[in-house]
Amino acid sequence: MAFYLLSITYIAPHFGVGNAIFYILVGQLISAAMIDHFGLFGAQISELDLKRTCGIVLMALGVWMARQS
């Protein structure tokens, strides 16, 4: 948590708050997919198929579109 707070505090003035949050959300989506795909941290394995990949891309696109307005 402290790393997150320090990172966002440092990055936001350089990239902008909206861009920083965009990259954080996309990073969380990708990280969650990789944790599920490989079963890291004892998570149940849920393979990354085309359906899940399309869902992640659509969510990232939605975050990007919200940032553009």
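Criteria and cut-off values
- Residues numbered from 1 in each chain as written.
- Predicted model: local features only at pLDDT ≥ 70, side-chain atom pairs only at ≥ 80, totals over all residues.
- Heavy atoms only, no water.
- Phe/Tyr/Trp six-rings, centres within 6.5 Å; stacked < 30°, edge-to-face > 60°.
- Buried < 20%, exposed > 50% of the residue type's maximum accessible area, 1.4 Å probe, protein only.
- Axes fitted to C-alpha atoms, helices over the stretch in contact; angles between N-to-C directions.
- Helix = DSSP H or I, 4+ residues; strand = E, 2+ residues; numbered from the N terminus.
- Parallel < 35°, antiparallel > 145°, perpendicular 65-115°, else oblique.
- Contact = heavy atoms within 4.5 Å.
- Nonpolar A, V, L, I, M, F, W, Y, C, P; charged D, E, K, R; others polar.
- Left-handed = near helix turned anticlockwise from the far one by under 90°.

**What about the packing of aromatic side chains?**
Reasoning step 1: Inspection of every chain in the model, using the stated rule, returns one aromatic pair.
Reasoning step 2: Measuring from centroid to centroid gives 5.3 Å for Phe22 and Tyr23, while their planes differ by 65°, and the two rings are edge-to-face.
Reasoning step 3: Its relative accessible area of 53% is what places Tyr23 among the exposed residues.

**Description of the packing of helix H2 (residues 17-38) against helix H3 (residues 50-68)**
Reasoning step 1: At their nearest, the axes of H2 and H3 sit 10 Å apart, and the two run at 170° to each other. Viewed along their axes, H2 and H3 adopt a mutual orientation that is roughly antiparallel. On the side of H2, the interface is formed by Gly18, Asn19, Phe22, Leu25, Val26, Leu29, Ala33 and Asp36, while H3 contributes Arg52, Ile56, Met59, Ala60, Val63, Trp64 and Arg67.
Reasoning step 2: Of the residues in the contact of H2 with H3, the class split is 10 nonpolar, two polar and three charged.

**A few points about the packing of helix H1 (residues 2-15) against H2**
Reasoning step 1: It is at 7 Å that the axes of H1 and H2 come closest, and there the two elements cross at 135°. By the angle between their axes, H1 is oblique relative to H2. The hand of the H1/H2 crossing is right-handed. Here Tyr4, Ile8, Ile11, Ala12 and Phe15 of H1 come into contact with H2, specifically with Val17, Asn19, Ala20 and Ile24.
Reasoning step 2: Of the residues contributing to the contact of H1 with H2, the split by class is eight nonpolar, one polar and no charged.

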